[in-house]
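Understanding the architecture of this molecule
Now for the letters of each chain:
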Amino acid sequence: MPSPTVQELLANVHGLTPERARRIGDHIDECRRLLNTHADMDSVQQHLKDEGVGIIDAILITTRLLEDHHPSRLRAAREIVECSPARTHHTT
(Lines give C-alpha, C1' and ligand atoms only; values in the text may rest on other atoms or scores of the structure.)
Protein backbone atom coordinates (compact mmCIF):
# COMPACT_ATOMS: atom_id res chain seq x y z
CA MET A 1 0.00 0.00 0.00
CA PRO A 2 1.44 3.41 -0.95
CA SER A 3 2.45 5.85 1.76
CA PRO A 4 0.18 8.84 2.47
CA THR A 5 2.66 11.05 0.62
CA VAL A 6 2.50 8.86 -2.48
CA GLN A 7 -1.29 8.65 -2.29
CA GLU A 8 -1.51 12.45 -2.12
CA LEU A 9 0.80 12.81 -5.14
CA LEU A 10 -1.15 10.31 -7.21
CA ALA A 11 -4.42 12.01 -6.33
CA ASN A 12 -3.27 15.56 -6.99
CA VAL A 13 -0.53 15.53 -9.63
CA HIS A 14 -1.81 14.58 -13.06
CA GLY A 15 0.32 12.21 -15.10
CA LEU A 16 2.58 10.73 -12.42
CA THR A 17 3.25 7.03 -12.71
CA PRO A 18 3.07 5.09 -9.45
CA GLU A 19 6.84 4.46 -9.60
CA ARG A 20 7.70 8.14 -10.10
CA ALA A 21 5.23 9.12 -7.35
CA ARG A 22 6.95 6.64 -5.02
CA ARG A 23 10.41 8.07 -5.82
CA ILE A 24 9.22 11.64 -5.33
CA GLY A 25 7.31 10.65 -2.18
CA ASP A 26 10.46 9.05 -0.76
CA HIS A 27 12.39 12.26 -1.42
CA ILE A 28 9.66 14.35 0.22
CA ASP A 29 9.76 12.16 3.32
CA GLU A 30 13.60 12.32 3.43
CA CYS A 31 13.55 16.09 3.07
CA ARG A 32 10.94 16.46 5.81
CA ARG A 33 13.21 14.47 8.11
CA LEU A 34 16.12 16.74 7.18
CA LEU A 35 14.06 19.84 7.92
CA ASN A 36 13.04 18.33 11.26
CA THR A 37 16.73 18.17 12.19
CA HIS A 38 16.88 21.95 11.66
CA ALA A 39 18.57 21.72 8.26
CA ASP A 40 17.84 24.75 6.12
CA MET A 41 16.25 24.73 2.68
CA ASP A 42 19.63 25.21 0.96
CA SER A 43 20.82 21.99 2.61
CA VAL A 44 17.68 20.24 1.42
CA GLN A 45 18.28 21.49 -2.12
CA GLN A 46 21.89 20.31 -2.01
CA HIS A 47 20.67 16.89 -0.83
CA LEU A 48 18.21 16.70 -3.74
CA LYS A 49 20.91 17.65 -6.25
CA ASP A 50 23.33 15.12 -4.72
CA GLU A 51 20.63 12.46 -5.12
CA GLY A 52 20.32 13.31 -8.82
CA VAL A 53 16.88 14.90 -8.56
CA GLY A 54 16.17 17.14 -11.54
CA ILE A 55 14.86 20.68 -11.24
CA ILE A 56 11.23 19.89 -12.12
CA ASP A 57 11.01 17.12 -9.51
CA ALA A 58 12.87 19.32 -6.99
CA ILE A 59 10.24 22.02 -7.49
CA LEU A 60 7.44 19.49 -6.98
CA ILE A 61 9.14 18.17 -3.84
CA THR A 62 9.73 21.67 -2.51
CA THR A 63 6.07 22.66 -2.99
CA ARG A 64 5.17 19.79 -0.67
CA LEU A 65 7.69 20.97 1.94
CA LEU A 66 6.16 24.43 2.17
CA GLU A 67 3.16 24.99 4.40
CA ASP A 68 -0.23 24.33 2.80
CA HIS A 69 -1.39 27.88 3.42
CA HIS A 70 1.76 29.43 1.94
CA PRO A 71 0.76 31.98 -0.70
CA SER A 72 2.02 31.07 -4.17
CA ARG A 73 3.60 27.78 -3.12
CA LEU A 74 4.59 26.88 -6.67
CA ARG A 75 6.22 30.24 -7.31
CA ALA A 76 8.03 30.12 -3.96
CA ALA A 77 9.22 26.55 -4.58
CA ARG A 78 10.48 27.45 -8.04
CA GLU A 79 12.42 30.40 -6.65
CA ILE A 80 13.88 28.31 -3.82
CA VAL A 81 15.11 25.64 -6.25
CA GLU A 82 16.34 27.94 -9.00
CA CYS A 83 18.12 30.32 -6.61
CA SER A 84 19.63 27.60 -4.44
CA PRO A 85 23.43 27.60 -4.32
CA ALA A 86 23.18 23.91 -5.26
CA ARG A 87 21.59 24.84 -8.59
CA THR A 88 23.34 28.07 -9.49
CA HIS A 89 26.57 27.99 -11.44
CA HIS A 90 29.33 30.35 -10.45
CA THR A 91 31.99 31.26 -12.94
CA THR A 92 35.29 32.87 -12.05
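Look a little higher up for the structure.
In short, a report on the structure. Given the structure is predicted, the values throughout are model-derived calculations rather than measurements. (Residues numbered from 1 in each chain as written. Predicted model: local features only at pLDDT ≥ 70, side-chain atom pairs only at ≥ 80, totals over all residues. Heavy atoms only, no water.)

Digging into unusual backbone geometry
Positive phi outside glycine occurs at histidine 38, with the angle close to 75°. Relative to the elements of secondary structure, histidine 38 occurs in the loop between α2 (18-36) and α3 (41-50). Positioned with a positive phi, serine 72 is a non-glycine residue whose angle comes to about 55°. With respect to the element layout, serine 72 can be found in the loop between α4 (55-65) and α5 (73-83). Judged by relative accessible area, which is 44%, serine 72 ranks as partly exposed. (Helix = DSSP H or I, 4+ residues; strand = E, 2+ residues; numbered from the N terminus. Buried < 20%, exposed > 50% of the residue type's maximum accessible area, 1.4 Å probe, protein only.)

Re the packing of α3 against α4
With their axes 11 Å apart at the nearest point, α3 and α4 run at an angle of 145° to one another. Here α3 and α4 pass one another in a crossing that is right-handed. Of the residues in α4, those touching α3 at Met41, Val44, Gln45 and Leu48 are Ala58, Ile61, Thr62 and Leu65. For the contact of α3 with α4, the class distribution of residues is six nonpolar, two polar and no charged. (Axes fitted to C-alpha atoms, helices over the stretch in contact; angles between N-to-C directions. Left-handed = near helix turned anticlockwise from the far one by under 90°. Contact = heavy atoms within 4.5 Å. Nonpolar A, V, L, I, M, F, W, Y, C, P; charged D, E, K, R; others polar.)

Overview of the pattern of salt bridges
Per the stated rule, a full pass over the model turns up six salt bridges. Measuring nitrogen to oxygen at the nearest pair gives 3.2 Å for the salt bridge that ties glutamate 8 to arginine 64. Of this pair, glutamate 8 sits in helix α1 (residues 4-12) while arginine 64 sits in helix α4, and the two are 56 residues apart along the sequence. Note that aspartate 29 is salt-bridged to arginine 32, the shortest N-O span being 3.9 Å. Of the two residues, aspartate 29 and arginine 32 are both situated in helix α2; the distance of three residues between them amounts to about one turn of the helix. (Salt bridge = Lys/Arg side-chain N within 4 Å of Asp/Glu carboxyl O.)

Section: the side chain of glutamine 45
Take glutamine 45: it is sitting in helix α3. Classification of glutamine 45 as buried rests on a relative accessible area of 0%. For glutamine 45, the residues in contact, after removing those within four places along its chain, are Ala58, Thr62, Ile80, Val81, Ser84 and Ala86.

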